[in-house]
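Inside the fold
Each chain, written out:
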Amino acid sequence: MEKLQTKLFEAATQGSISSLQQLLNDDPLILDRDVVNSFNETPLHVAAMIGHVDFVKEIIQLKPQLINELNLQQSSPLHLASAKGHVDVVRFLLSVDKGACLARDRNELTPLHLAASKGRVEAMKLLLQAQPDAARVTVYGGENILHLCVKRYQLEALKLVVEAVGEPHELVNSKDVDGNTVLHLVVADKQVETTKFLVSVGGVEVNAVNNEGMTPLDVLIRSRRDVRDSKIEESLKQARGFGSNMETSNNNTPLIDHKNQNNNSWGGLMKQHSEWLEQTKSTLMIVAVLIATMAFQVGVNPPGGVWQENKLLDSQGNPVPDPQTAGESVLAKNYPALYDRFYIANTTSFVASLSIILLLISGLPLRRRFFMWILIVITWIAITALALCYAIAVYVVTPGANVVKGEEPIVWVILIVIYGWLILMALLLIAHTIRMIVKLVKKIRKAFRRRRFAAAAAAPPQHGDNITTV
């Protein structure tokens, strides 16, 4: 029985009517069994998807109810034929059952939606002719067929729908769950030709407001700048489009202020800068916690470890000349000068990293240049102190005699690299500081000039000055 089912699907794939008739001769109930036992696609699905119209006609004449069978995607044969653009198959299926136009698949899409998304214009004409109301069916998120056309860049399909339905402005002005009309979407996606077409549709609401209170022109202004913006803006202005915060003249012509437009663009840049700061803040918090953890670990467990037992008396009970106490640092005994430097650097790194954490969680306005500079300086101190700790640790754990004799050049290489890196970091910090000071001086000078000009403008004219009355 399974072999017959396999042969049936092979016949559908090849579009072989003779094979179908032979199978029916061998088993007259093969199509009935397929309807009952098939949970995926029927032979009609396969033939409709490939476009074998003669096979589709033959199988429909034998078993008409197959036209309404659905596959795992809840798609009917008309869904598949429409998506593939098989015009002859679509025409025949519609002649059998026009109601199949309104069937929805698992994604709530009708055959017309699929044809429009794929740009199958000829199939769309047949579907619209059979069921014009199919164009007004909305799908997920409140979107209609025009939203789908715009998202799939199908301008010709969009034009066909607008020209085919009565009162197209209702469809064009329809909003999704976010309050966006089709015009909002095309402007956001910078589709120049589609924008020109939509604003030419009679009754289109060029200044429709979405849930965020933005008109299509607001969407354009607040989007990332693009070479296509000027053409889209021109189309919107010609249709008397304006932003939600713009004033209009007596004839509703928008008074576009390019300075305000630049401010909106600057607002977008500031939003991006704010997002960057938030990401940097999270990263810096992780780095600070990591540095604090390493500094604490090295502080309680210094290089070389600690003495494991007391060594205060010799075997005869006499005090030893070089006593040792359990728990004390070996580094302090062997390298007393480096021990002080090591813990100064380690404590500096630990406190600096804790200061970074405190600043990040304190809620200070980190967008201010001064606070950002402070944060940069403290971060530089923490990393520099950590590098010094590493250099000292490498030095003390390497046999001292070999270092002195030059038998361990790797130690000197590491030290040279670290100190070279520290010098580079210092130069970067100095350059950043100078840059901040220069900007601060310019800002102070600008403020001083404004005050001076304001004082000069407010001062009464001196006797003898020439006063011109306009």
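Residues numbered from 1 in each chain as written. Predicted model: local features only at pLDDT ≥ 70, side-chain atom pairs only at ≥ 80, totals over all residues. Heavy atoms only, no water.

Some thoughts on helix 14 (residues 192–199)
The buried count for helix 14 comes to six of eight residues, which makes it a mostly enclosed element. For helix 14, the set of buried residues is Val192, Thr194, Thr195, Phe197, Leu198 and Val199. In this structure, the buried side of helix 14 is in contact with helix 10 (145–151), helix 11 (155–164), helix 12 (168–172), helix 13 (182–188) and helix 16 (229–238). (Buried < 20%, exposed > 50% of the residue type's maximum accessible area, 1.4 Å probe, protein only. Helix = DSSP H or I, 4+ residues; strand = E, 2+ residues; numbered from the N terminus. Contact = heavy atoms within 4.5 Å.)

Quick notes on the packing of aromatic side chains
If you walk through the whole model with that rule in mind, you get three aromatic pairs. A ring pair is formed by Phe296 and Phe350, whose centres lie 6.4 Å apart and whose planes are at 35°; its orientation type is tilted. Taken together, the positions of Phe296 in helix 17 (residues 258–300) and Phe350 in helix 19 (residues 336–361) put the pair 54 residues apart, joining distant regions of the chain. Ring centres of Phe342 and Tyr343 lie 5.4 Å apart, and the angle between their planes is 85°; this geometry places the pair in the edge-to-face category. In this structure Tyr343 comes out as buried when scored by relative accessible area, which is 19%. One aromatic cluster is present, formed by Tyr339, Phe342 and Tyr343 through successive ring pairs. (Phe/Tyr/Trp six-rings, centres within 6.5 Å; stacked < 30°, edge-to-face > 60°.)

Things to note about the nonpolar core
By size, the foremost hydrophobic cluster in this structure holds 71 residues, and its most contacted members are Leu146, Leu158 and Leu236. When residues of this core are assigned to their parent elements, the largest contribution, six residues, is made by helix 9 (residues 121–130). Among all residues touching Leu236, those that are not within four sequence positions of it are Leu183, Val187, Thr195, Val199, Val206, Pro216, Leu217, Leu220 and Gly241. With eleven residues, the next largest nonpolar core counts Ala288, Ile291, Ile356 and Ile357 among its residues. (Core = buried A, V, L, I, M, F, W, Y, C linked by side-chain atoms within 4.5 Å.)

Focus on unusual backbone geometry
The phi dihedral of Gln74 falls on the positive side, at around 60°, and the residue is not glycine. Even without a glycine there, the phi angle at Arg240 is positive, about 65°.

Looking at the environment of Gly243
Following the sequence through the fold, Gly243 ends up in the loop between helix 16 and helix 17. When the C-alpha positions of Gly243 and Met214 are compared, they lie 7.2 Å apart, and in sequence the two are 29 residues distant. Aside from chain neighbours lying at most four places away, what touches Gly243 is Thr215, Leu217 and Asp218.

Observations regarding a nonpolar patch on the surface
Where nonpolar side chains cluster on the molecular surface, the patch consists of Ile423, Leu427, Ile430, Ile434 and Val438 and spans about 470 Å² of accessible area. With respect to the helices and strands, Ile434 occurs in helix 22 (residues 409–458). (Patch = residues over 30% accessible without salt bridge, like charges linked within 9 Å, V, L, I, M, F, W, Y side chains within 5 Å. Areas by Shrake-Rupley, 256 points an atom, 1.4 Å probe, with all protein chains shown as cover. Salt bridge = Lys/Arg side-chain N within 4 Å of Asp/Glu carboxyl O.)

A closer look at the side chain of Gln191
Inspection of the secondary structure puts Gln191 in the loop between helix 13 and helix 14. Reaching out from Gln191, the side chain makes a polar contact with the side chain of Thr194 at a distance of 3.3 Å. Beyond its immediate sequence surroundings of up to four residues, Gln191 is in contact with Val150, Tyr153, Val186 and Ile232. (Polar contact = N/O pair within 3.5 Å; in protein donor to acceptor, adjacent residues only side chain to side chain.)

Concerning a positive patch on the surface
A cluster of basic residues, Lys84, Lys118, Arg120 and Arg152, forms a positive patch at the surface. Along the chain, Arg152 falls in the loop between helix 10 and helix 11. (Lys, Arg positive; Asp, Glu negative; His and termini not counted. Charge placed at Lys NZ, Arg CZ, Asp CG, Glu CD.)

What about the packing of helix 4 (residues 43–50) against helix 5 (residues 53–62)?
It is at 9 Å that the axes of helix 4 and helix 5 come closest, and there the two elements cross at 155°. For the element pair helix 4 / helix 5, the angle class is roughly antiparallel. As for the relative orientation of helix 4 and helix 5, their crossing is left-handed in sense. Where helix 4 abuts helix 5, its residues Pro43, Leu44, Ala47 and Ala48 lie against Phe55, Val56, Ile59 and Ile60. (Axes fitted to C-alpha atoms, helices over the stretch in contact; angles between N-to-C directions. Parallel < 35°, antiparallel > 145°, perpendicular 65-115°, else oblique. Left-handed = near helix turned anticlockwise from the far one by under 90°.)

As for the pattern of salt bridges
Taken as a whole and judged by the stated rule, the model has seven salt bridges. Among the salt bridges present, the one from Asp229 reaches Lys190, with a minimum N-O distance of 3.0 Å. Remark: Lys190 occurs in the loop between helix 13 and helix 14 and Asp229 occurs in helix 16; sequence separation between them is 39 residues. The exposure class assigned to Lys190 is buried, which follows from its relative accessible area of 8%. Measuring nitrogen to oxygen at the nearest pair gives 2.9 Å for the salt bridge that ties Arg228 to Asp226. Overlapping salt bridges bring together Lys190, Arg225 and Asp229 as one network.

Such coordinate-based values are descriptive only and should not be taken to indicate function.
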